[in-house]
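Here's the letter readout for the chains.
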Amino acid sequence: DKLTLIGVPLHYGADRRGVEMGPSALRGAQLQARLQALGFDVRDAGDIAVPKAEEPAASGTNLKYLHEVAQVNRELCRAVDGALKEGRFPFVIGGDHSIAIGTIKGVRKHVRKLGVIWFDAHSDVNTERTTGSGNIHGMPLAVCLGYGHPNLLAVGGEENVVDPRNVVILGARSIDPGERNFLKSQGIRVFTMHEIDRFGMLQVMEETLRIVTDGTDGVHLSLDLDGMDPSEAPGVGTPVPGGLSYRESHFAMETIHERGCLVSAEIVEVNPMLDVGNKTASVAVGLVGSLFGERIL
Ligand code: ARG
Ligand code: MN
Ligand code: MN
Ligand code: MN
């Protein structure tokens, strides 16, 4: 199988330094070698160019660095589209979570009905109307569903959206009031940490995979490392206690692999400046191993 790595050293969606070094931390944790050992023909396409913004963002704005975030996502969308055109699996490494806009909209050009697994402590369905922070990394899933600023919706075409019936959020434990209403109105299935405690990862993943494959032509995994517990993944900008354990996270990846439905993936929010050594990038690369078929036995 052929796979293209696309780095996106963007931090403007998080308005906090460090996450722009995520792609090099993941490469440094031997991501490419790990994938090659699983039989992939890996091409590293390098990094998408990130423009330099005037800092800091205008105070009081509810869409920080909109121009820069939109531009990078347009480029990313094109790169993901290009990889798929060549029959290569797009594997995007960030960078803050706002890059899911470009990734998903690029994939959607090839996959008409796309299921999405959103692995995250947060639901990232704010819009400029509901955000408290103004950080666009809290908005990408809303944009992919067709809600948000026109400049973000325009990435890859404003009709280019995913169906909320095929979206699952896994590991949520920090959801803003406006997001709660949005999730309810869209009918999106959210497995919060409460459901994961109650039902266990096996039942949660069976239901997740049923939802994201129901009538779809493929599934995208958007893996925000803050979905994991901060004890396992400390190097993230918005840590929330009480997250997925090491084994719960690997088990999720293993069941996705077994299902054989994945058409694209991205790893986001790895921040080496906040990390303990390179622990978070290493943990992320381990999850990639399970996602693509490494087995214990
Ligand atoms: N809900 C908060 C916000 O809108 C936090 C979002 C965190 N998102 C992330 N991708 N880490 O700012
Ligand atoms: Mn996120
Ligand atoms: Mn998050
Ligand atoms: Mn934030």
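Scroll up to find the structure.
Everything numeric in this text was worked out from a predicted model, so none of it was measured. (Residues numbered from 1 in each chain as written. Chains lettered and ligands numbered in written order. Predicted model: local features only at pLDDT ≥ 70, side-chain atom pairs only at ≥ 80, totals over all residues. Heavy atoms only, no water.)

Draft legend 1. Highlighting the coordination of the manganese ion (ligand 3). Every protein donor of the manganese ion (ligand 3) is listed here as Asp-120 (OD), His-122 (ND1), Asp-224 (OD), Asp-226 (OD) and Asp-226 (OD), and their distances to the metal cover 2.1 to 2.3 Å. Read from N- to C-terminus, the donor residues coordinating the manganese ion (ligand 3) fall into the pattern D-x1-H-x101-D-x1-D. A separation of 3.1 Å is found between the manganese ion (ligand 3) and the manganese ion (ligand 2), which are bridged by Asp-120. Residue Asp-120 is located in the loop between β4 (114-119) and α5 (140-144), and its partner Asp-226 is located in the loop between β7 (218-224) and α9 (246-259); the two are separated by 106 residues in the primary sequence. Summarising the burial analysis for this pair, Asp-120 and Asp-226 share the class buried. (Donors = N, O, S within 2.8 Å, 3.2 Å for Na, K, Ca; no water. Helix = DSSP H or I, 4+ residues; strand = E, 2+ residues; numbered from the N terminus. Buried < 20%, exposed > 50% of the residue type's maximum accessible area, 1.4 Å probe, protein only.)

Draft legend 2. Structural view of the nonpolar core. Core analysis: the largest hydrophobic core is formed by 49 residues, its most contacted members being Phe-91, Leu-221, Leu-225 and Phe-292. Per-element tally for this core: the top contributor is helix α8 (residues 193-213), with eight residues. Leave out the neighbours within four places in its chain, and Phe-292 touches Leu-3, Leu-35, Leu-38, Phe-40, Phe-89, Phe-91, His-257 and Leu-262. Within the second largest apolar cluster, 48 residues are counted, among which are Tyr-12, Val-92, Leu-141 and Leu-152. (Core = buried A, V, L, I, M, F, W, Y, C linked by side-chain atoms within 4.5 Å. Contact = heavy atoms within 4.5 Å.)

Draft legend 3. Highlighting the environment of Glu-54. Note on placement: Glu-54 falls in the loop between β2 (41-47) and α3 (66-85). With a relative accessible area of 74%, Glu-54 lands in the exposed category. Considering only alpha carbons, one finds Glu-54 and Val-69, 15 residues apart in sequence, at a separation of 13 Å.

Draft legend 4. Fine view of the sheet that holds β4. Within the open sheet, the eight strands sit side by side as β2-β1-β3-β8-β7-β4-β5-β6. Their pairing is parallel. The sheet is open, and its two borders are formed by β2 and β6 (189-192), each paired with just one other strand. On average, each strand axis in the sheet is tilted by 15 degrees relative to the strand beside it, whichever way the strands run. Against the sheet, α3 engages β1 (2-8), β3 (89-94) and β8 (262-268), with an angle of about 170 degrees to β1. Across the sheet, helix α10 (residues 279-291) is in contact with β3, β7 and β8; its angle to β8 comes to roughly 170 degrees. (Pairing = 2+ DSSP bridges. Axes fitted to C-alpha atoms, helices over the stretch in contact; angles between N-to-C directions.)

Draft legend 5. The pattern of salt bridges, seen in detail. All told, the structure shown has 15 salt bridges when counted by the stated rule. When the shortest N-O distance is used, the salt bridge between Arg-27 and Asp-44 registers 2.7 Å. Within this pair, whereas Arg-27 is found in helix α1 (residues 22-28), its partner Asp-44 is found in strand β2, the two being separated by 17 residues in sequence. You can call Asp-44 partly exposed: its relative accessible area is 30%. For Glu-258, the salt bridge identified is with Arg-295, shortest N-O distance 3.5 Å. Of the two residues, Glu-258 is situated in helix α9 and Arg-295 in the segment after α10; the sequence distance between them amounts to 37 residues. The same class applies to Glu-258 and to Arg-295, which are both exposed. A cluster of three or more residues bridged by salt bridges with shared partners is formed by Arg-27, Asp-44 and Asp-47. (Salt bridge = Lys/Arg side-chain N within 4 Å of Asp/Glu carboxyl O.)

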